[in-house]
Amino acid sequence: MTTHAAASTPLGFGSMRRKEDARFLRGAGRYLDDIVLPGMLHAAILRSPYAHARIVSVDTSAAEAHPKVEAVITGETLAGLGLAWMPTLSHDVQAVLATDKVRFQGQEVAFVVAEDRYAARDALGLIEVEYEPLPAVVDATHALDPDAPVIRDDLHRTDNHIFDWEAGDAAATDEVFSRADVVAECDLLYPRSHPAPMETCGSIASMDPVSGKLTVHTTTQAPHAHRTVYALVAGIPEHKIQVIAPDIGGGFGNKVGIYPGYVCAVVGSIVTGRPVKWVEDRSENLMSTSFARDYHMHGEIAATKDGTLLGVRVKVLADHGAFNGTAQPSKLPAGLFHVFSGSYDLRAAHCSVTGVYTNKCPGGVAYACSFRITEAVYLIERLVDVLARDQGWDPAELRMKNLIRPEQFPYRTALGWEYDSGNYPKTLRTALDLAGYAELRREQAEKRARGELMGIGVSFFTEAVGAGPRKHMDILGLGMADGAELRVHPTGKAVLRLSCMTQGQGHQTTFAQIVAEELGISPDDVEVVQGDTDQTPFGLGTYGSRSTPVSGAATALVARKVRERARIVASAMLEVAPSDLEFVKGRFEVRGDPAASASMAEIAMAAHSALELPEGVEGHLDATCVYNPPNLTYPCGAYVCVVDVDPGTGQVTVRRFVAVDDCGVRINPMVVEGQIHGGLADGIGMALMEALAFDPDGNHLGASFMDYLLPTALECPSWELGETVTPSPHHPIGAKGVGESATVGSPPAVVNAVLDAIGVRHADMPLTPAQVWRAMQGRPLRTDLSVT
Amino acid sequence: MQITVTVNGVEYTRDVEPRLLLVHFLRDELGLTGTHWGCDTSNCGVCVVLLDGLPAKSCTVLAVMADGHEVRTVEGLAGADGLDPVQQAFSDMHGLQCGFCTPGMLLTSRALLDRNPDPSPAEIREAISGQVCRCTGYENIVRAVRAAADRAAEAGTAAGTVTS
């Protein structure tokens, strides 16, 4: 087991205390709601109480008469400006404020701008909306029934179908299944869940009527993408828009999209001529901002009788809510779901995915999403366990037998992915050893004999992160590249400007460490600037574990450009040819004469001085870089979860959790482990506690933290971590990204452990005490619907 | 209503609406934005302050209820001689990531160590169980509080309490 406490500052990679801690520890962080602009007004949103209803009338006169109200904006106001609808990230449209119908409970209907936040809320109660309720589509499995109410009549649709999409070779997969000795199948729901960052979403829009410049402070993981979307939606010239992401209180995908409140704040500022702040409350966050998952999967796995896995076949029904707003590459409506062949050497695999509209909040990719890889890993890791149970095989041995072998890398999967590197058997072996797997099985047998319910769950995952290669991947037509600019000042101190945006991952520290590693200077001498589109280069931002794989690569490469510029200057300083210089620990030394050398600080000063430089050399050391990833990176991991289940109540206690991750080269091991810890807690939450269910009328049953339960310190064990390190061969520093690995890998380990304990083939998450108890009675619940 | 609240040792007198929440009083009236708001329902605990030395969720306390009482916020944790040992330990052990729950976690940890200078990991988990962190998975928070306790024991001070 490894643990890393912060050490002294390394000249590059290694554990070090985070630079951002200084302000957070003192309460001196600057989050969105901490910002007060001169003359700022406050806004609140009136939301629909119905999941599906026609709007008959909206009367705002009483609200407008409130002495502290400055403006009331409705769908009609926006329609007059051509802003009632906005594009989603999946080439659909979404209502900013409803004009014709409301299509989910919590949908935005009116926007009030007032002198203070309490007055804005008061005025919501003065707006009279008359609704004509309509039947709601709640159960996705009935969304395509011939008599299902049509949700998107605005698009002149006649049903609730969004898309059909498939991947893999159907004929080859059917052939493998027809010849297989054994087949196991299972229906699996990955229920709708929510990222629920501790800071909710919000925005402050400020339109300067004189310069025509719009400044938007907002909770965004992708400030540049937001700027472009504002330009496209509102018709404001892009150079007149500045998006600023302040400190972000957690994102997890929740802060990728543009929400109606953001657009309304812009309109509110234009209408009032003053800055307008809108911050959602927790219920609004849980009811109306991007959810995650909601995949109904029917999976089949084929194998020989000696336990060689052959193929996987899967059909998915994807509940996308009322507007198709998932953040996916244009060509991939199910994201990267077709990575579901997982970590195994399979001959064939095929999936078909059907997306449907329902009367629920739009979104679909959030919560450490990895573009549907979370669903894919859950599918394959449950199927392997179901097969093992059916055949009486040990689930760890079955995995070990079928893992892709180290010598097979780079490995092309049956679904077309090229995994870059890994040593899967070593990673699984490390986890099993750390857990003491054989001893755990002995203990389990003893306890079973006494009637005690102990379970051991194993999962192995392959992540696919760092989206992505531009020929395959884009968001709204924008290629998924990221930029970096590195300025080195005359005294040798540096400023790194990035297009990605931290939400707690520690970029201010780790990206400074990448520069430090490349230039041999202290991370303390590198300032990292993010989040302000006027100050940073263009790029698509931070989600899908892409910061280190994409922006991290851009950072390493821009630092190498600076180093080569420094080589030219040093050659002029030392009067030798550039090729005679060797870069050693932050200095250029003359080969064979190390006493003749120049440090980066000396070179930086010389680069800005009167030193005569070779013809054509510009001077200074600054450089820029755009990184287009040639491939995704593929982190992996092996997890072992040990649970005890109370047979009387169904209460699950996670006693141990062993996680061995291989994310390639670790820039700051302390930060990497922190990322893993957080993801493991997410997994406990999803597996045991969290689900957004709906009643038959479409009422949201998880609209506060009293109903949507998050794991606390009492539900989480003391994590036991290990590591293997297989560098990515195509990444400049061999790093692979880690932000979502544990969120992806841990839910199946927990579920496998609980079902192992209670001896049940399958029951859907969350495995609450009620669900576990029902599963033990042979009557597991549909966890996306209300319990009646 | 006119109220007088002592915050971090400074007495503030303000005229407030009776319905004003303590969290908004601290943030909007006094500009002490280190105390955050997260859920409205007393579940998440990012708004925890010390009210007369005990952790309280300031989103569920009216400002008028704090009239005549003492409030300590994260801005009042560091002393003239530097960070509170708990603050330093959170950084050393990487007990924070996005920083949003951190002020509440720090204050609860401080209050715990003030009454129990040698808490077990289980006691630490119990103490912070009314607060949610989405980033750290709690382990490093537990380690940080233990580290602060250990350091205080080594230094021979009472639970690392700032003596100012």
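Scoring rules and cut-offs
- Residues numbered from 1 in each chain as written.
- Chains lettered and ligands numbered in written order.
- Predicted model: local features only at pLDDT ≥ 70, side-chain atom pairs only at ≥ 80, totals over all residues.
- Heavy atoms only, no water.
- UniProt positions renumbered as here; feature names shortened; annotations may be inferred.
- Helix = DSSP H or I, 4+ residues; strand = E, 2+ residues; numbered from the N terminus.
- Rg over C-alpha atoms; globule rule 2.2 N^0.38 Å.
- Buried < 20%, exposed > 50% of the residue type's maximum accessible area, 1.4 Å probe, protein only.
- Contact = heavy atoms within 4.5 Å.
- Areas by Shrake-Rupley, 256 points an atom, 1.4 Å probe, with all protein chains shown as cover.
- Lys, Arg positive; Asp, Glu negative; His and termini not counted.
- Charge placed at Lys NZ, Arg CZ, Asp CG, Glu CD.
- Phe/Tyr/Trp six-rings, centres within 6.5 Å; stacked < 30°, edge-to-face > 60°.
- Lys NZ or Arg CZ within 6 Å of the ring centre and 35° of its normal.
- Buried area = accessible area lost by both parts, 1.4 Å probe.
- Salt bridge = Lys/Arg side-chain N within 4 Å of Asp/Glu carboxyl O.
- Polar contact = N/O pair within 3.5 Å; in protein donor to acceptor, adjacent residues only side chain to side chain.
- Nonpolar A, V, L, I, M, F, W, Y, C, P; charged D, E, K, R; others polar.
- Domains from an automatic or database assignment.
- Core = buried A, V, L, I, M, F, W, Y, C linked by side-chain atoms within 4.5 Å.
- Expected span 1.5 Å × (residues − 1).
- Pairing = 2+ DSSP bridges.
- Axes fitted to C-alpha atoms, helices over the stretch in contact; angles between N-to-C directions.

The name an unreviewed UniProt entry assigns to chain B is Carbon monoxyde dehydrogenase small subunit, from the organism Pseudonocardia halophobica.

Taking an unreviewed UniProt entry as the reference, chain A is identified by name as Carbon-monoxide dehydrogenase large subunit belonging to Pseudonocardia halophobica. The record in UniProt for chain A states the following under Cofactor (unreviewed entry): "Mo-molybdopterin cytosine dinucleotide".

Engineer: Hey, could you run me through the overall build of chain A in this one?
Structural biologist: Looking only at helices and strands, chain A has 18 helices and 32 strands in total. Relative to the 2.2 N^0.38 estimate, which gives 28 Å for 788 residues, the radius of gyration of chain A is 27 Å and therefore close to what a compact globule would have. Once the C-alpha set of chain A is aligned to its principal axes, its extents read approximately 80 × 75 × 50 Å. Looking at chain A as a whole, 66% of its 788 residues qualify as buried.

Engineer: Is there a simple way to think about the overall build of chain B in this case?
Structural biologist: In terms of regular secondary structure, chain B is built from five helices and five strands. Reading the helices (α) and strands (β) of chain B from amino to carboxyl end gives β-β-α-β-β-β-α-α-α-α. Computed over the C-alpha atoms, the radius of gyration of chain B is 15 Å, within 12% of the 15 Å expected from 2.2 N^0.38 for a compact globule of 164 residues. Principal-axis analysis of the C-alpha atoms gives chain B an extent of 45 × 35 × 20 Å. The long-range share in chain B, meaning contacts at least 24 apart out of those at least 6 apart in sequence, stands at 57%. For chain B, the accessible area works out to roughly 5,900 Å², and carbon and sulfur atoms hold 51% of it. One finds the centroid of the 12 positive side-chain charges in chain B at a distance of 7 Å from the centroid of its 20 negative side-chain charges.

Engineer: Could you clarify how one ought to interpret the packing of aromatic side chains in this entry?
Structural biologist: Each aromatic ring pair is characterised by the separation of its centres together with the angle its planes make. Residue and element names in this part refer to chain A. Applying the stated rule across the entire model yields 19 aromatic pairs over all chains. Look at Tyr419 and Tyr634: their rings are 4.9 Å apart centre to centre, the planes differ by 40°, and that puts the pair in the tilted class. On the criterion of sequence distance, the pair formed by Tyr419 in strand S19 (residues 418-419) and Tyr634 in the loop between strand S29 (623-627) and strand S30 (636-645) is long-range, its members being 215 residues apart. The structure contains a cluster of three or more aromatic residues connected by ring pairs, namely Phe461, Tyr639, Phe657 and Trp719. A cation over an aromatic ring shows up here: Arg313 above the ring of Phe177, its NZ or CZ 4.0 Å from the ring centre.

Engineer: How should I be thinking about the interface of chain B and chain A in this particular structure?
Structural biologist: Quoted interface sizes are often the accessible area lost when the parts come together. In this complex, chain B contributes 48 residues to the contact, which on the side of chain A involves 54 residues. Summed over both partners, the interface of chain B with chain A comes to about 4,300 Å²; 55% of that surface belongs to carbon and sulfur atoms. In this structure, B:Arg19 engages A:Asp122 in a salt bridge whose closest nitrogen and oxygen atoms are separated by 2.7 Å. Run the count over chain B and chain A and you get 26 residue pairs in polar contact (both at pLDDT 80 or more). Listed by contribution, the elements that provide at least two residues to the side of chain B that touches chain A are helix H1 (22-29), helix H2 (85-92), helix H3 (102-115), helix H4 (121-127) and helix H5 (139-155) of chain B. Sorting elements by how many residues they give to the side of chain B that touches chain A places H2(B) first, with five residues. Across the side of chain B that touches chain A, the residue classes tally to 18 nonpolar, 19 polar and 11 charged.

Engineer: I would appreciate a short explanation of the domain arrangement of chain A in the present structure.
Structural biologist: Residues and elements named next belong to chain A. Splitting chain A by domain gives domain 1 (32-134 + 200-248 + 255-288), domain 2 (295-467 + 631-776) and domain 3 (481-627). Domain 1 and domain 2 are separated by 37 Å when their C-alpha centres are compared. Each side of the interface is counted separately: domain 1 has 22 residues, and domain 2 has 24 residues. Buried surface at the junction of domain 1 and domain 2, both sides included, amounts to about 1,700 Å², of which 58% is carbon and sulfur. Counting across the interface, domain 1 meets domain 2 through 12 residue pairs in polar contact (both at pLDDT 80 or more). Broken down by secondary-structure element, the contributors of at least two residues to the side of domain 1 that touches domain 2 are strand S5 (93-95) and helix H8 (282-288). Broken down by element, the side of domain 1 that touches domain 2 gets its largest block of residues, five residues, from H8. Tallied by class, residues from the side of domain 1 that touches domain 2 come to 10 nonpolar, nine polar and three charged.

Engineer: Just to check I follow, could you spell out the pattern of salt bridges for this structure?
Structural biologist: Where charged atoms from two side chains of opposite charge approach closely, those side chains can pair. Residue and element names in this part refer to chain A. Counted under the stated rule, the structure contains 66 salt bridges over all chains. Where Asp482 meets Arg546, a salt bridge forms, and the shortest distance between an N and an O atom there is 2.7 Å. Of this pair, Asp482 sits in strand S23 (residues 482-488) while Arg546 is found in the loop between strand S25 (526-529) and helix H14 (547-574), placing the two residues 64 residues apart along the sequence. As far as burial versus exposure is concerned, Asp482 and Arg546 are alike and both buried.

Engineer: What is the right way to look at the domain arrangement of chain B in this model?
Structural biologist: Residue and element names in this part refer to chain B. Split by domain assignment, chain B resolves into domain 1 (2-76) and domain 2 (85-155). Every contact between the two is made by 16 residues of domain 1 and, on the other side, 14 residues of domain 2. The interface formed by domain 1 and domain 2 includes zero salt bridges. For the interface between domain 1 and domain 2, the tally reads three residue pairs in polar contact (both at pLDDT 80 or more). Among the elements of the structure, strand S3 (48-51) and strand S4 (54-57) are those that each provide at least two residues to the side of domain 1 that touches domain 2. Residue contributions to the side of domain 1 that touches domain 2 peak at three residues, all from S3. A class-by-class count of the residues in the side of domain 1 that touches domain 2 yields eight nonpolar, six polar and two charged.

Engineer: It is not clear to me how the nonpolar core should be interpreted in this structure. Could you clarify?
Structural biologist: Here is a general trend for soluble globular proteins: nonpolar side chains tend to be buried in one another's company. Of all hydrophobic cores here, the largest spans 182 residues; its most connected members are A:Met297, A:Phe337, A:Phe340, A:Val353, A:Leu688 and B:Phe90. Among the elements that take part in this core, helix H9 (residues 373-391) of chain A stands out by supplying 11 residues, more than any other. Not counting the four nearest positions on each side in its chain, A:Met297 is found in contact with A:Cys186, A:Asp187, A:Leu188, A:Tyr190, A:Val314, A:Lys315, A:Val316, A:Phe337, A:Glu375, A:Tyr378 and A:Leu379. Counting residues in each nonpolar core, the second largest holds 41 residues, with A:Ala484, A:Leu486, A:Ala494 and A:Ala606 among its members.

Engineer: How do you make sense of H3(B) when you look at a structure like this?
Structural biologist: Quick reminder: α-helices carry 3.6 residues per turn. Residues three or four places apart thus point the same way. Residue and element names in this part refer to chain B. Relative to the 20 Å expected for 14 residues at 1.5 Å per residue, H3 spans 20 Å between its end C-alpha atoms, a close match to the ideal helical length. Extensive coverage of H3 is indicated by the burial of 12 of its 14 residues. Of all the residues in H3, the buried ones are Thr102, Pro103, Gly104, Met105, Leu106, Leu107, Thr108, Ser109, Arg110, Ala111, Leu112 and Leu113.

Engineer: I'm lost on the environment of B:Ala80 in this one. Help?
Structural biologist: Residue and element names in this part refer to chain B. By secondary structure assignment, the location of Ala80 is in the loop between strand S5 (70-72) and H2. The class for Ala80 is exposed, based on a relative accessible area of 87%. Considered as a pair, Ala80 and Thr136 are 56 residues apart in the sequence and their alpha carbons are 29 Å apart.

Engineer: Looking at this structure, how should I read the sheet that holds strand S31 (residues 652-662) of chain A?
Structural biologist: Residues and elements named next belong to chain A. One open sheet accounts for four strands, arranged S20-S30-S31-S32; its pairing is mixed. In this open sheet, the two strands that pair with only one neighbour each are strand S20 (453-462) and strand S32 (720-723). Ignoring which end each strand starts from, the neighbouring axes of this sheet average 15° apart.

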